[in-house]
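# Coordinate inspection notes
Single-letter residue listing:
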Amino acid sequence: MIWHIAKREIYDNLNSLRFALATVLLLGLMLANAVVHLREHPVRMQKYHDAVTESLNRLGSRTNLYDIAQRGPGYLYKKPSSLHFCADGGDPFLSDQVNGGFYAWATDDLRGFWQLHYRPATHNSRNIRPDTIIVDWGFVIGYVLSLIAILFTFDSISGEREHGTLRLMLANSIPRHTVLIGKFLGALVSISVPFTLAVLMNLLVVSTSSDVQLGTEAWSRLGIVFFIALLYMCLFLALGLLVSSRVRRSAASLVILLLTWVTFVAFMPSTLASIASGFSTPMTYDEFHERRQQLNIELRDEYDTRLQEARKHPAKRRALAGEYVTKDATARERLSQKFLDQQHAQIQLGRSVTRISPVAIVQYLLEVFAGTGFERHQQFVENVQRYAREYREFVTDMDKADPESLHIIGVREGMSQKPVNPEAVPKFEDTLSLSRDFNAAAIDLLLLALFFVVLLSGAYMVFVRVEV
Amino acid sequence: MITTLIRRELLDNLMTFRFAAAVFIMLLLVVANSAVLIKDYERRLAAYNTALKTERQQLQERKTYSSGALDVARPPNPLSIFNVGLDKRLGNEIWISYAFVPTLWDARMRGTTNPLLNLFSSIDIVFIFEVVLSLIALIFAYDAIAGERERGTLRLVLTHPVRRGHILLAKYISAMTCLLVPLLMSLLLAAILLTISTAISLSIGDLLRIGGIILSSIVYLSLFYFIGMLISAVTRRTGTALMLAMFVWGFWVLVYPNVILAAIAPPQTSQERMVSTYDEIKQIWDEFDRERKHFLANDAAPGEDPHFGMVGEGPHFGITGGSGFNYAYFYKRPSTLEYFYLAGSNIRKLTEASKPQVPHAQNYYRYLGPKTINTAERAWLVRKQALETIFVQPAIVDRILLRCSPVGMYDAATQAWAGTDLHGLRDFFQAARRYRRTLIDYYYDKNVFASQQWFSADKGAVDWDSLPQFSFHRSDVKINAARALPDLLLLLMMNLFLFIVIFLAFQRSEV
């Protein structure tokens, strides 16, 4: 019986104007997305590869252990995701590199050690082109698909009630939940058809290009993204059914739905995020700068005179200098780490509050599975930090392995003088793992499913109690 | 008769649920976002004030003219609360030097808190209007004619001796009156919030600009009402009308502005142009460098070193510390076509050994200063044109494309009123360039280049307070109005056009 009702719904929808419009809209958007991706992705990849090669070449040209230890690994780059078209994730605002380099120092013979500098992305300050939202899958699914879902369901119950056909249908011995489920399935199938078509067209265009290669993992990620999109769409279908069963007139039902949509989808995420992030005050760049100066002065005060006094005793001075240099590098790195952590915490706060809105949840999910956005950025930073540890361990290990070395890391004379094989130096590789992403996304998936269940059962409850 | 019609429509509209919902949503969104926006503005204002203070301090630390690090800061625009435009995005501090002509591409961003906050898109009041007002207008309009036709009341009304045009007019006037309620109420609340904030003081000009923004909003609103009415006039059933209206809305508001810019590829030719212009500018400076070296070689104290081996007294730590520093280098940044030569010294007290070099240095700098300025002007002529074609023109093309949608027109008009559009921002950099000119004139007047204070402070430090001060005032309201006028007129014309079309469609339609 459910299937009968669903079939009737589907036929009704297939002939309607909204079906045609939705198909055109989705196809157009998805094609535009694919074309833009094909144009931009090769450039992005090329840039990344060039930068990495340059960085690795510089690293490979060093054979002296002191140079390796002092200069550091250089720039470390974030690998662009091949699924960038799924979710842009605000990537232009996230830095795609961490600088693991040293900076010039102002003491006569000592040189600063390398540390991680987290530079913010400075993409927009010279861009005078108008601001727009990037049309990725996230936009198509989050905004357009949800709007279409509403436009398909707003009259599914109230419209029938207006025409009197609902009474007719219920006069047969059909349980109400069957009607509801049938309607739900009908709408689901009739939107899934154009959506799937659009997705397939998009993927067809994207995968035909030789520049963009999608591996098996990418395809499984795309599959997950597709199911998330369906789940999200179901959520809005349930919302549509809920309002449609509650409200007498279909026009009123659409008005309510649209205003809900505008509030929750278009405004809620950014407004709430802005309000929430106002409660957290990370240090400003000026403060950070000041504290770094402070640190500099403190350390200099502590060591300057002692170094001067030890001028006559080379061994003592070497030990002191090594201590100074390493202490300086660690303290600075800790400070910039703290700075970054505070900034991340602020964003995290804003993001967790916005989870009230399903569109934010779906954006985050898409970002995670597309390997872009904020979560990915944090993962990149973690990768960099892990690598930094590896690199430092490598230096200490190499130094320890040399019996002639004085084992004073931080000064040239105190370290092993044996040439190092550049091949042996650890190389940075930015990695992504699907299982880790899955864990990160579990909570969001759960929330989305919960939203759906609540709304659908709400629709059921309302529909059962409603007068026809 | 028409008053009766208007009264009927007005009562009809005011009693509806959608009216209440519209008022509620607008108030909620505008108040919540205004609070956020005002807070953000206050923060930026505080950052601006700190910037002014630190700039002064930095300047006072420099003792010679050539080392003066003269920065000027751009104040945040209070009307960015209405339409932020480029106000928050472009750099807000610029370095004024005799050696190069400043542009907006050379500005720095100062006083930003957390750059990652850009991940959350900022919502200004005009954006809320763009999305919600248009939606509400369509919701009010979709059944204006189709609904009456469906219920049969249209036929009833037309049995009376009323003109069809009057019916349309009555519907329009009453619906607009209703729609103005949420618009004006939310603006009123925003205004109250603005006056509560102590940091914001609005001048008469600002109030007029806000008036301009309100006017544009009303015209925008009416345009969407007409679009809805047209749909309503040509469709038989309200359901279809509403559906169509929503798709039209989705297309114009949601899809078109975002897709059009992505779909149209940015011009690729600019890269070659960049390289060739950069080379051209480099050549101008190379020529300058040759002449400079030539001068040094023929000097009474020949040598390559532009500082004539002058050093300050006191201990040295590399380049800082002690009693001074020298520098002479080419500043290069190909991405913004910046290339210039800068030489300076900040020596508090010269060593005895350096004293005999002073006349040579004076002679050299007397030659170098004006020469640098002339070369900078020459390079600027080249750079200006290239920047226009490479950066400004694509941005203008983008804006023209955006104007194909009413949303784009409205956005452009309100930005022009608020002064946060490209023109408004460029006004500031224009002022910075003018300031640089007055500064140079002042230098010439005082014969600064030839003085010893140019490179060393032996004869006393520079009195920075006697320098001409920088001041920037936003453009006059008239200019704002002139900039907003084309878009406003375009919106009005579309209004008129749609009204005529609706009138014709309605005249000919069967009831």
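Values in this document were obtained by computation on a predicted structure and should not be read as measured data.

### A closer look at the overall build of chain B
Looking only at helices and strands, one finds 13 helices and four strands in chain B. Judged by the C-alpha coordinates and their principal axes, chain B covers about 105 × 50 × 40 Å. Taking as baseline every contact in chain B between residues at least 6 positions apart, the subset at least 24 positions apart corresponds to 83%.

### Focus on the overall build of chain A
From N to C terminus, chain A includes 14 helices and three strands. Its C-alpha atoms give chain A a radius of gyration of 29 Å, clearly above 23 Å, the size a compact globule of 468 residues would have. Principal-axis analysis of the C-alpha atoms gives chain A an extent of 105 × 45 × 40 Å. Pairs at least 24 residues apart make up 84% of the contacts formed inside chain A by residues separated by at least 6 positions.

### Observations regarding helix H10 (residues 285-309) of chain A
Over its 25 residues, H10(A) extends 36 Å from the first C-alpha to the last, a length consistent with the 36 Å expected when each residue adds 1.5 Å. The sharpest bend along H10(A) measures roughly 30° and falls at A:Asp301.

### As for the environment of B:Leu489
All names here are of chain B. Mapped onto the fold, leucine 489 is located in helix H13 (residues 477-508). Given 13 C-beta atoms within a 10 Å radius, leucine 489 is considered partly exposed. Along the chain, leucine 489 and glycine 205 lie 284 residues apart, while their C-alpha atoms are 21 Å from each other.

### As for the sheet that holds strand S1 (residues 74-77) of chain A
All names here are of chain A. Ordered by their spatial adjacency, three strands build an open sheet running S1-S2-S3, and the pairing between neighbours is antiparallel. Of all strands in the sheet, those with a lone pairing partner are S1 and strand S3 (115-117), marking the two edges. This sheet shows a mean twist of 25° between the axes of neighbouring strands, independent of strand direction. The strands touched by helix H13 (residues 373-401) are S1, strand S2 (97-101) and S3; relative to S2, the strand with the most contacts, the crossing angle is about 20°.

### So, the domain arrangement of chain B
Residues and elements named next belong to chain B. The domain boundaries assigned to chain B delineate domain 1 (2-39 + 122-263 + 485-508) and domain 2 (44-113 + 267-476). For domain 1 and domain 2, the distance between their C-alpha centres works out to 48 Å. With 30 residues of domain 1 in contact, the opposing surface of domain 2 contributes 23 residues. Residue assignment for the side of domain 1 that touches domain 2 shows that the elements contributing at least two residues are helix H2 (17-61), helix H3 (125-141), helix H7 (204-234), helix H8 (238-263) and H13. The element that contributes the greatest number of residues to the side of domain 1 that touches domain 2 is H7, accounting for eight residues. When grouped by side-chain class, the residues that make up the side of domain 1 that touches domain 2 number 21 nonpolar, four polar and five charged.

### A look at the interface of chain A and chain B
Bring the parts together and some accessible area is lost; that lost area is often taken as the interface size. Every contact between the two is made by 57 residues of chain A and, on the other side, 60 residues of chain B. Mapped by element, the contributors of at least two residues to the side of chain A that touches chain B are helix H2 (17-60), helix H4 (137-153), helix H9 (250-277) and helix H11 (314-353) of chain A. With 17 residues, the single largest contributor to the side of chain A that touches chain B is H9(A).

### Describing the nonpolar core
With 180 residues, the main nonpolar core has A:Ala238 and B:Tyr225 as its most contacted residues. Here this core gets 16 residues from one element, more than from any other, and that element is helix H8 (residues 216-246) of chain A. Summarising the domain contributions, this core has at least three residues from each of domain 1 (2-39 + 122-263 + 485-508) and domain 2 (44-113 + 267-476) of chain B. Beyond its immediate stretch of four places on either side in the chain, B:Tyr225 contacts B:Ala137, B:Phe140, B:Ala141, B:Tyr172, B:Ala175, B:Met176 and B:Leu179.

### Details of the packing of helix H11 (residues 406-418) of chain B against H13(B)
Residues and elements named next belong to chain B. Relative orientation of the contacting elements H11 and H13 amounts to 155°, with a least axis distance of 8 Å. Between H11 and H13, the crossing angle belongs to the class labelled roughly antiparallel. Crossing of H11 against H13: the hand is left-handed. Counted together, Pro406, Met409, Tyr410, Ala412, Ala413, Ala416 and Trp417 of H11 and Asn480, Arg483, Ala484, Asp487, Leu488, Leu490, Leu491 and Met494 of H13 form the full contact between these two elements. Considering only residue class, the contact of H11 with H13 consists of twelve nonpolar, one polar and two charged.

### Focus: the packing of H9(A) against H2(B)
H2(B) packs onto H9(A) with a crossing angle of 5° between their chain directions and a minimal axis gap of 11 Å. Here H2(B) runs roughly parallel to H9(A), going by the angle between their axes. Contact residues: A:Ala252, A:Val255, A:Leu259, A:Val262, A:Thr263, A:Phe267, A:Thr271, A:Ser274 and A:Ile275 in H9(A); B:Phe17, B:Arg18, B:Ala21, B:Ile25, B:Leu29, B:Ala32, B:Asn33 and B:Val36 in H2(B).

### Brief notes about unusual backbone geometry
Glycine aside, residues mostly have negative phi, and peptide bonds are mostly found in the trans state. Unlike most non-glycine residues, A:His407 shows phi in positive territory, near 60°. Summarising the element assignment, A:His407 is placed in the loop between H13 and helix H14 (434-465). A:His407 gets classed as partly exposed once you count the C-beta atoms within 10 Å, which come to 13. Its identity as a non-glycine residue notwithstanding, B:Asn447 has a phi of 55°, on the positive side. Assignment of secondary structure puts B:Asn447 in the loop between helix H12 (422-446) and H13. The exposure class of B:Asn447 is exposed, given the 11 C-beta atoms found within 10 Å.

### Re the confidence of the model for chain B
All names here are of chain B. When the pLDDT values of chain B are averaged, the result is 87; 95% of them are 70 or greater. Per-element averaging of pLDDT across chain B places strand S3 (residues 324-333) at the bottom with 81 and H11 at the top with 94. Contacts from residues 315-322, a stretch scored under 50 in pLDDT, to residues over four places away or in other chains number 13 contacts. Across the interfaces of the predicted complex, the ipTM metric reaches 0.87, alongside a pTM of 0.90.

### Points about the environment of A:Pro194
All names here are of chain A. By the secondary structure assignment, proline 194 is in helix H7 (residues 176-208). Under the C-beta neighbour-count criterion, proline 194 is labelled buried, with 21 such atoms within 10 Å. Measuring from C-alpha to C-alpha, the distance between proline 194 and valine 24 comes to 8.5 Å, with 170 residues separating the pair along the chain. Sequence-distant contacts of proline 194, defined by excluding residues within four places in its chain, comprise Ala22, Thr23 and Leu26.

### So, the environment of B:Pro161
Looking at the secondary structure, you find B:Pro161 in the loop between helix H5 (153-159) and helix H6 (164-196). When the C-alpha atoms of B:Pro161 and B:Ser276 are compared, they prove to be 74 Å apart, with 115 residues separating the residues in sequence.

Thresholds, definitions, all that
Residues numbered from 1 in each chain as written. Chains lettered and ligands numbered in written order. Predicted model: local features only at pLDDT ≥ 70, side-chain atom pairs only at ≥ 80, totals over all residues. Helix = DSSP H or I, 4+ residues; strand = E, 2+ residues; numbered from the N terminus. Contact = placed C-beta atoms within 7 Å. Rg over C-alpha atoms; globule rule 2.2 N^0.38 Å. Expected span 1.5 Å × (residues − 1). Bend = angle between axes of the 7 residues up to and from the residue. Buried ≥ 20, exposed ≤ 12 C-beta atoms within 10 Å, placed from the backbone. Pairing = 2+ DSSP bridges. Axes fitted to C-alpha atoms, helices over the stretch in contact; angles between N-to-C directions. Domains from an automatic or database assignment. Nonpolar A, V, L, I, M, F, W, Y, C, P; charged D, E, K, R; others polar. Core = buried A, V, L, I, M, F, W, Y, C linked by C-beta atoms within 7 Å. Parallel < 35°, antiparallel > 145°, perpendicular 65-115°, else oblique. Left-handed = near helix turned anticlockwise from the far one by under 90°. pLDDT = per-residue confidence, 0-100.

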